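In case you want the letters, here they are:
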Amino acid sequence: MTAELRELRHSGSIGSRSSSSPRKQRDDDQSPLTSDEKSLDGDDEGGGSGRVRHARDRSFWSHLLPVSAFGGDDSRVSTSSSKISLFLLIVVVVGVVISVFLLFNRLNAPYLCQKDGIVLHCPHVKESPSLWENPYSATTSWKPCAERRTHGVSDLPPENETNGYIFIHAEGGLNQQRIAICNAVAVAKIMNATLILPVLKQDQIWKDQTKFEDIFDVDHFIDYLKDDIRIVRDIPEWFIDRSELFTSIRRTVKNIPKYASAQFYIDNVLPRIKEKKIMALKPFVDRLGYDNVPREINRLRCRVNYHAMKFLPEIEQMADLLASRMRNRTQTSNPYMALHLRFEKGMVGLSFCDFVGTREEKLKMAEYRKKEWPRRYKNGSHLWQLALQKRKEGRCPLEPGEVAVILRAMGYPKETQIYVASGQVYGGLNRMAPLRNMFPNLVTKEELTTEEELEGFKKHVTSLAALDFLVCLKSDVFVMTHGGNFAKLIIGFRRYMGHRLKSIKPDKGLMSKSFGDPYMGWAAFVEDVVITHQTRTGLPEETFPNYDLWENPLTPCMCRA
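Residues numbered from 1 in each chain as written. Predicted model: local features only at pLDDT ≥ 70, side-chain atom pairs only at ≥ 80, totals over all residues. Heavy atoms only, no water.

**What to know about the sheet that holds strand β12 (residues 442–443)**
Which entries qualify depends on this criterion: Pairs of strands are assigned from DSSP output, requiring at least two bridges between the strands. Starting at the N terminus, helices and strands are each numbered in turn, a helix being any DSSP run of H or I of at least four residues and a strand any DSSP run of E of at least two. Every residue pair with non-hydrogen atoms within 4.5 Å of one another is taken to be in contact. Interaxial angle, 0 to 180 degrees, is taken between N-to-C directions of lines fitted to C-alpha atoms, where a helix line uses only the stretch in contact.
Pairing within the open sheet is parallel, and its five strands lie in the order β12-β11-β10-β13-β14. With one partner strand each, in any of the chains shown, β12 and β14 (502–504) form the two edges of the open sheet. This element, helix α19 (residues 461–473), spans β10 (337–340), β11 (418–421) and β13 (477–480) of the sheet and lies at about 145° to β11. Those strands touched by helix α20 (residues 485–497) are β10, β11, β13 and β14, and its axis lies near 150° from that of β13.

Listed below in structure tokens is the structure:
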């Protein structure tokens, strides 16, 4: 009896030790770009030692052991051999369970990609037939129709019947200036005024003093619009005090609201132009609306943007050379993608979003924001909640690593040729490493050219921006990562040229939700990305009230084919 009790206690202790492994907690990391290390759930069973259960267990093992462990017919197996066999069998069973669990997790990984240092490893995705262009059937229903009338009669009144002259400073970067010039032509048409060739105002960020004629073909600009408005190259000679036009408040209209209507200009600006004969309009950023002006005025803006504003021949030629080099980097003709990566220090700071980084980086960014935007920064206590809200709403710039994961989910392979249009990326090479390692054929204009070839364009920062604009415009696929005038002008231009050109606008709200979901599997993520972006590739899209003409010129500037 004593020996039997000892045996029961001993077998109970073995069961307890072998089956009471603690449950390991998985690290609830919210980032999908973290290591692919996963902990396993153990068998959380107690090691009961009751006589009835033990008898049942022994009955089971007594039938199993002779066959599986020894394969003999001798029923008198020694107690020590039984213990060893039981232990080995438990080890084998646990090993099989662990292997199956790991394989299941591997196939249904809760993290999107595995991170190995600065390298991201994402599963392969099959390329879709429409990877490099929009489906033909969806792109043939519209055609451009904002070009000038070739055989029409000009409705331009004689020069002596003009209501006066208007003068504007086109502020901001190259693309904001472009929009301002288009609006200036439209406003001159509304008021039957003569437009003095706009001045490109020095930008506070770029510190560039480019003139209109340094970037655009002035002769083509004036000639193409000759039947719409009258444009002069300079202030009329009879106006003696030219400095007054830049400094005097008597010569400036300053009370123009944003997105003003055509009627506002007729009622409030035109009388002053008739009185003074020459007036400056400033500021002139977004001072003309879209749905509160005649349809023909919007079509005129498209005519200026897509037909009249041509870059200088040397800029166009260099852009053609860069595009040609992108298409022949593999020694055979290949498509290429243009990526507008907006992750410069200024953009990161202005966004007031939170990004992955060291504690030191975050402290430096906080000081930078406090210095540059003190009224928005305040005491900084509200910024964390603001950052979370902006990311949830999809208002944060995509990081290079996030862009890499999205492109791989769309099906773009490692061999994809990518032209990057960007300023200096915040975080430098380390920040770019995940994108560059996943897509090694990633280049900039500086890497495609020699120093001598670019030397003539470095005189003006806007010339370099113009090269990026044209190379992106000519690409097979254009991908934006954040809003801004550059991206929306490119997307609008490619739509106007024919919706066959693919222009991808990531759904950053959905992507933020997916990146923050620790249970989002790769297959589910790929499905979400593909389905969501089927309609976000520059296809025809009906306009709506307060739409952005520059990103979607469909209704006013295109006609049914």
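**Concerning α20**
Counted only if it meets this: Every helix has an expected span of 1.5 Å times one less than the residues it contains. In this scheme, a residue with accessible area under 20% of its type's maximum is buried, one over 50% is exposed, and one in between is partly exposed, where area comes from a 1.4 Å probe on protein chains only.
With 13 residues, α20 extends 18 Å between its outermost C-alpha atoms, agreeing within 8% with the 18 Å of an ideal straight helix rising 1.5 Å per residue. Counting buried residues along α20, eleven of its 13 residues qualify, which places the element largely inside the surrounding structure. For α20, the set of buried residues is Phe486, Ala487, Lys488, Leu489, Ile490, Ile491, Gly492, Phe493, Arg494, Arg495 and Tyr496.

**With respect to α19**
If you check α19, its first and last C-alpha atoms are 19 Å apart, about what 13 residues at 1.5 Å a residue would give, namely 18 Å. Turning to α19, its buried residues number three or more, namely Thr462, Ser463, Leu464, Ala466, Leu467, Asp468, Phe469, Leu470, Val471, Cys472 and Leu473.

**A few points about the packing of aromatic side chains**
Applicable threshold: Aromatic pairing here means that ring centres of Phe, Tyr or Trp (its six-membered ring) are within 6.5 Å. Orientation follows from the plane angle: under 30 degrees is stacked, over 60 is edge-to-face, and everything else is tilted.
In the structure shown here, the tally under the stated rule is 19 aromatic pairs. Seen in terms of ring centroids, Trp132 and Tyr412 are 5.4 Å apart; in terms of plane orientation they differ by 80°. Their pairing is edge-to-face. Taken together, the residues Trp132 in the loop between β2 (119–121) and β3 (142–144) and Tyr412 in the loop between α15 (400–410) and β11 connect sequence positions 280 residues apart. Its relative accessible area of 21% is what places Trp132 among the partly exposed residues.

**Looking at the state of the cysteines**
Note on terminology: a disulfide is the covalent bond linking the sulfur atoms of two cysteines. Threshold: Throughout, a disulfide means two cysteine sulfur atoms within 2.5 Å of one another.
Considering all chains together, one arrives at three disulfides under this definition. Residue pairing for Cys145: its cysteine sulfur links by disulfide to Cys559, the two sulfurs lying 2.1 Å apart. For the disulfide bridge between Cys145 and Cys559, the dihedral angle about the S-S bond is near 95°, and by the sign convention the bridge is right-handed. One end of the pair, Cys145, is in the loop between β3 and β4 (165–170); the other, Cys559, is in strand β15 (residues 558–560), with 414 residues separating them in the sequence. Judged by its relative accessible area of 23%, Cys559 falls in the partly exposed class. Between the sulfur atoms of Cys353 and its disulfide partner Cys396 the distance amounts to 2.0 Å. Handedness of the Cys353-Cys396 disulfide follows from its S-S torsion of about -90°: it is left-handed. Note that Cys353 is positioned in the loop between α11 (345–351) and α12 (359–372) and Cys396 in the loop between α14 (383–392) and α15, a separation of 43 residues in sequence. Each member of the pair, Cys353 as well as Cys396, carries the same accessibility label: buried. Residue Cys182 stays outside any disulfide, its sulfur separated by 8.4 Å from that of Cys302, the closest cysteine. Judged by its relative accessible area of 0%, Cys182 is buried.

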